Amino acid sequence: MYALKKEGLTEAKTQKALGILLTDRKNEFRELSNMILPKTTLEPIKNWDQFVLNFCLDVNEAFKTWSGDMPLNSNSPQKALTILRQLSRNKTSMIQLSHLMNISYDLAEEFKEIYKRL
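Sequence positions are assigned chain by chain, starting from 1 and proceeding in written order. Local features are withheld for residues below a pLDDT of 70 in this predicted model, meaning they are given only at 70 or higher, and side-chain atom pairs are given and counted only at 80 or more; totals for whole chains, interfaces and linings count all residues. Hydrogen atoms and water are omitted, and side-chain values are computed over all heavy atoms in the structure.

S.K.: Just checking my understanding: could you explain the pattern of salt bridges for this structure?
M.R.: It is possible for side chains of opposite charge to pair when their charged atoms get near one another. Salt bridge, as used here, is a side-chain nitrogen of Lys or Arg placed within 4 Å of a carboxyl oxygen of Asp or Glu. Under the defined criterion, the tally for this structure stands at seven salt bridges. Across the salt bridge formed by Lys116 and Glu113, the nearest N and O atoms sit 3.6 Å from each other. Of the two residues, Lys116 and Glu113 both sit in helix H4 (residues 94–117), three residues apart, roughly one turn of that helix. Looking at Lys116, the relative accessible area reads 61%, which means it is exposed. Residue classification places Glu113 among the partly exposed residues on the basis of a relative accessible area of 32%. Residue Glu113 is joined to Arg117 by a salt bridge in which the shortest nitrogen-to-oxygen separation is 3.1 Å. Of this pair, Glu113 and Arg117 both sit in helix H4, four residues apart, roughly one helical turn. Strands here are runs of E lasting at least two residues and helices are runs of H or I lasting at least four, both read from the DSSP assignment and numbered beginning at the N terminus. Under the scheme applied here, a residue whose accessible area is under 20% of the maximum for its type counts as buried, over 50% as exposed, and between as partly exposed, the area being computed with a 1.4 Å probe on protein chains only.

As structure tokens, then:
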């Protein structure tokens, strides 16, 4: 869970909030994992749910930059391009892309709300 520590979250509360979120939103997590995790690995990725949650938190943070709520930093353009490339793989319309971006954003918001309530 090293990736989520950068947000200033405690590991125990993060695990508990993630477990609660996965109970209700497992399908959304799987849909995102099919888009952002490589299919060519020999072994399944350990802690895939944490990886997907971290991606969702990155989308949430990037949206704040895109909407002007946060200033640009040196990694903002690269992060935005990476997010768009990962989510738009094999998509044929912006509607499909925006659907995945909405799922990512909503999962991050729900995680933050659950974490705050714990």
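So that's the structure; there's more coming.
S.K.: How should the packing of aromatic side chains be read in this particular structure?
M.R.: For this analysis, a ring pair means two rings from Phe, Tyr or Trp (six-membered ring only for Trp) whose centres lie within 6.5 Å, classed as stacked if their planes differ by under 30 degrees, edge-to-face if by over 60, and tilted for the remaining angles. The final tally for this structure, using the stated rule, is three aromatic pairs. Aromatic side chains Phe29 and Trp48 sit 6.5 Å apart centroid to centroid with 75° between the ring planes, which places their arrangement in the edge-to-face category. On the criterion of sequence distance, the pair formed by Phe29 in helix H1 (residues 11–36) and Trp48 in helix H2 (residues 48–66) is long-range, its members being 19 residues apart. Given a relative accessible area of 0%, Phe29 falls into the buried group. Here Lys13 stacks its cationic end above the ring of Tyr115, 4.5 Å away from the centre of that ring. Our definition puts a charge over a ring when NZ of Lys or CZ of Arg is within 6 Å of the ring centre and also within 35 degrees of the ring normal.

S.K.: Could you clarify how one ought to interpret the packing of H2 against H4 in this entry?
M.R.: A pair of packed helices can be characterised by two numbers: the angle between their axes and the separation between those axes. Axis angles are defined between N-to-C directions and span 0 to 180 degrees, where every axis is a line fitted to C-alpha atoms and, for a helix, only to the segment in contact. At their nearest, the axes of H2 and H4 sit 8 Å apart, and the two run at 100° to each other. Taken together, the axes of H2 and H4 lie roughly perpendicular to each other. The residues of H4 that touch H2, namely those facing Leu53, Phe55, Cys56, Leu57, Val59, Asn60, Phe63, Lys64 and Trp66, are Met101, Ser104, Tyr105, Leu107, Ala108, Glu109, Phe111 and Lys112. Angles below 35 degrees are treated as roughly parallel, those above 145 as roughly antiparallel, those between 65 and 115 as roughly perpendicular, and all remaining angles as oblique. Two residues qualify as a contact provided that any one of their heavy atoms is within 4.5 Å of a heavy atom in the partner residue.

S.K.: Looking at this model, I keep getting lost on helix H3 (residues 76–88). Mind explaining?
M.R.: Residues spaced three or four apart along an α-helix point in a common direction, a consequence of the helix completing one turn every 3.6 residues. Over its 13 residues, H3 extends 18 Å from the first C-alpha to the last, a length consistent with the 18 Å expected when each residue adds 1.5 Å. For H3, the full list of buried residues reads Ser76, Ala80, Ile83, Gln86 and Leu87. Buried residues of H3, seen end-on, are gathered within an arc of 140° and therefore sit on one face of the element. Across from the buried face of H3, at angles greater than 90 degrees, the exposed residues are Pro77, Gln78 and Arg85. On its buried face, H3 is in contact with H1, H2 and H4. Each residue after the first adds 1.5 Å to the expected span of a helix. Our arc is simply the arc of the directions from the helix axis toward the C-beta atoms.

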